[in-house]
Protein chains: 2
Amino acid sequence: MRHLPGGENFSQQVPAGDDRERMVCDECGWVHYVNPKIVVGAVCRHGDKVLLCRRAIEPRRGFWTIPAGFMEERETSAEGAAREAWEEAGVELRMGPLLAVYNIPRISQVQLIYKAELAAPGFEAGPESLEVALFDFDEIPWDELAFPSVRWALDQVREVWDRDDFATFGNPPGETGRMTPP
Amino acid sequence: MRHLPGGENFSQQVPAGDDRERMVCDECGWVHYVNPKIVVGAVCRHGDKVLLCRRAIEPRRGFWTIPAGFMEERETSAEGAAREAWEEAGVELRMGPLLAVYNIPRISQVQLIYKAELAAPGFEAGPESLEVALFDFDEIPWDELAFPSVRWALDQVREVWDRDDFATFGNPPGETGRMTPP
Ligand SMILES: [Zn+2]
Ligand SMILES: [Zn+2]
């Protein structure tokens, strides 16, 4: 009745009623289903500026990102995006529409990114951020962004900066989220 | 080095670097992270009709649904929606835009539902379907739909039937996906 995912008593089997191989415990039949993970985040606007956080943690420590992180259980995606903005940047948000849904299948990740505004002008770096700052678009450190999807979201939000009635974006054409080392 | 999620050697602890309680193995420190799950699906149109599948499996065996199921690893959400339509209804799709993103936080589920068209007229019930059929809107068995979100998607797709340039829908106002038994 004990099992260790990835351990020697696990093997690839097709469970009853399933149609593909999973890691199954040879001793008790427990199936280790692995699911894609959801990242939730927000482009946080304040006037003409956008809020970015410099990451205090790996991966990509020292690089800039929008507030985002793994969605937790029993929250909505918008609640998760607001939670991440609070945790990483100390800001409360007026949440707008869903800006984008990005797929990064290489790492089995779906990102749900909202368009939001700061509900008040203050901010403060949380434990996962080295610093937090507001940037005009021409001041954004484009070469020091943490992930490709941060650039996608910033480029796309700019197209719909002054309106909320837009079609949710996806990955830019041809983009899969592959990291090119700096 | 062995662990059984939910077993007697697991307890709620806050792992190092984390900020909330998780199920942690007392013996080896393995953290059992539980993540929200992604359901991918499609409203499949053919002319003025929409394709529905009568479920052969629980939950809600015998009730009607759009093709949908859990997203797998290393696929995109659109690929997953196409895969489910193939598995459950034997159809190939011309995938359109993202119709809706639904949150069902009670069961930690996010649903990504696409607007699609049949690429060819045929269909065939897969192993998880009792039958598959095309319905005019006034023939849809509204009282025999499997899940609240099936109704949401059908209501919403009707609003944007003839266009693809629309803002992705969310949950209808006030709707949380709670099941009311039939
Ligand atoms: Zn086992
Ligand atoms: Zn253990």
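Residues numbered from 1 in each chain as written. Chains lettered and ligands numbered in written order. Predicted model: local features only at pLDDT ≥ 70, side-chain atom pairs only at ≥ 80, totals over all residues. Heavy atoms only, no water.

An unreviewed UniProt entry lists chain A under the name NUDIX hydrolase, from Minwuia thermotolerans. As recorded by UniProt, the Cofactor (unreviewed entry) comment attached to chain A reads in full: "Mg(2+)". (UniProt positions renumbered as here; feature names shortened; annotations may be inferred.)

A closer look at the overall build of chain A
Broken down by element type, chain A carries two helices and 10 strands. For chain A, the sequential pattern of α-helices and β-strands runs β-β-β-β-β-β-β-α-β-β-β-α. Taken over the C-alpha atoms alone, chain A extends approximately 60 × 35 × 35 Å along its principal axes. Across the 182 residues that make up chain A, the buried fraction comes to 49%. Approximately 8900 Å² of chain A is accessible, and the part contributed by carbon and sulfur atoms is 49%. The average position of the 19 basic charges and that of the 31 acidic charges among the side chains of chain A differ by 2 Å. (Helix = DSSP H or I, 4+ residues; strand = E, 2+ residues; numbered from the N terminus. Buried < 20%, exposed > 50% of the residue type's maximum accessible area, 1.4 Å probe, protein only. Areas by Shrake-Rupley, 256 points an atom, 1.4 Å probe, with all protein chains shown as cover. Lys, Arg positive; Asp, Glu negative; His and termini not counted. Charge placed at Lys NZ, Arg CZ, Asp CG, Glu CD.)

What about the UniProt feature "domain: Nudix hydrolase" (unreviewed entry) in chain A?
UniProt records the feature "domain: Nudix hydrolase" (unreviewed entry) at residues 35-158 of chain A, using the numbering of this structure. Structurally, residues 35-158 of chain A comprises 19% helix and 41% strand, and the distance from its first C-alpha atom to its last is 32 Å.

Focus on the side chain of R55 of chain B
All names here are of chain B. Summarising the element assignment, R55 is placed in strand β5 (residues 49-55). A polar contact of 2.7 Å, which involves the side chain of R55, links it to the backbone oxygen of P59. Dropping the residues within four chain positions of it, R55 is found in contact with R60, R61, G62, F63, T65, E128, L130, A146 and F147. (Polar contact = N/O pair within 3.5 Å; in protein donor to acceptor, adjacent residues only side chain to side chain. Contact = heavy atoms within 4.5 Å.)

Section: the environment of R83 of chain A
Within the secondary structure, R83 of chain A sits in helix α1 (residues 77-89). Considered as a pair, R83 of chain A and D155 of chain A are 72 residues apart in the sequence and their alpha carbons are 23 Å apart. Leaving out residues up to four positions away in the same chain, R83 of chain A has contacts with F70, M71, E72 and E75 of chain A together with R20 of chain B. Reaching out from R83 of chain A, the side chain makes a polar contact with the backbone oxygen of F70 of chain A at a distance of 3.1 Å. Of the polar contacts made by the side chain of R83 of chain A, one reaches the side chain of E84 of chain A; its length is 3.0 Å.

Focus on the domain arrangement of chain A
What the domain assignment lists for chain A is domain 1 (1-34) and domain 2 (37-159). Summarising the inter-unit geometry, the C-alpha centres of domain 1 of chain A and domain 2 of chain A are found 36 Å apart. (Domains from an automatic or database assignment.)

Examining the packing of aromatic side chains
Per the stated rule, a full pass over the model turns up 10 aromatic pairs over all chains. Consider the rings of Y102 of chain A and W152 of chain A, whose centres lie 5.1 Å apart with planes at 75°: the pair is edge-to-face. Placement of Y102 of chain A in strand β8 (residues 93-104) and of W152 of chain A in helix α2 (residues 148-159) is noted, with a sequence separation of 50 residues between them. Grouping residues by exposure puts Y102 of chain A and W152 of chain A together as buried. On the numbers, 5.0 Å between centres and 85° between planes, the contact of W64 of chain B with F135 of chain B is edge-to-face. (Phe/Tyr/Trp six-rings, centres within 6.5 Å; stacked < 30°, edge-to-face > 60°.)

Overview of the sheet that holds strand β1 (residues 10-13) of chain A
Residues and elements named next belong to chain A. Pairing within the open sheet is antiparallel, and its three strands lie in the order β1-β2-β3. On the outer flanks of this sheet lie β1 and β3 (31-32), each paired with one strand and no other. Looking at chain direction, strand β2 (residues 22-25) and β3 are connected through two bridges and run antiparallel. Counted as the bridge partner of M23 is H32 from β3. (Pairing = 2+ DSSP bridges.)

A few points about the environment of A133 of chain A
All names here are of chain A. You can see A133 is positioned in strand β10 (residues 129-135). Taking the C-alpha atoms as reference points, A133 and L52, separated by 81 residues in sequence, lie 5.6 Å from one another. Residue contacts for A133: discarding those within four places in its chain leaves V50, L51, L52, W64 and F123.

Quick notes on helix α1 (residues 77-89) of chain B
Residue and element names in this part refer to chain B. Along its 13 residues, α1 runs 18 Å from first to last C-alpha, staying within 8% of the 18 Å computed at 1.5 Å per residue. Within α1, burial applies to S77, G80, A81, R83, E84, A85, E88 and A89. Two residues or fewer past α1, G90 is found with a positive phi of approximately 65°. (Expected span 1.5 Å × (residues − 1).)

Here's the deal with the pairing of β8 of chain A
Along any regular strand, the residues point their side chains to alternate faces of the sheet. Residue and element names in this part refer to chain A. Here β8 pairs with strand β9 (residues 109-118) via nine bridges, running antiparallel. Bridge assignment links I104 to a residue of β9, and that residue is Q109. Adjacent in sequence and paired antiparallel, β8 and β9 are bridged by four residues, among which S108 carries a positive phi angle near 50°.

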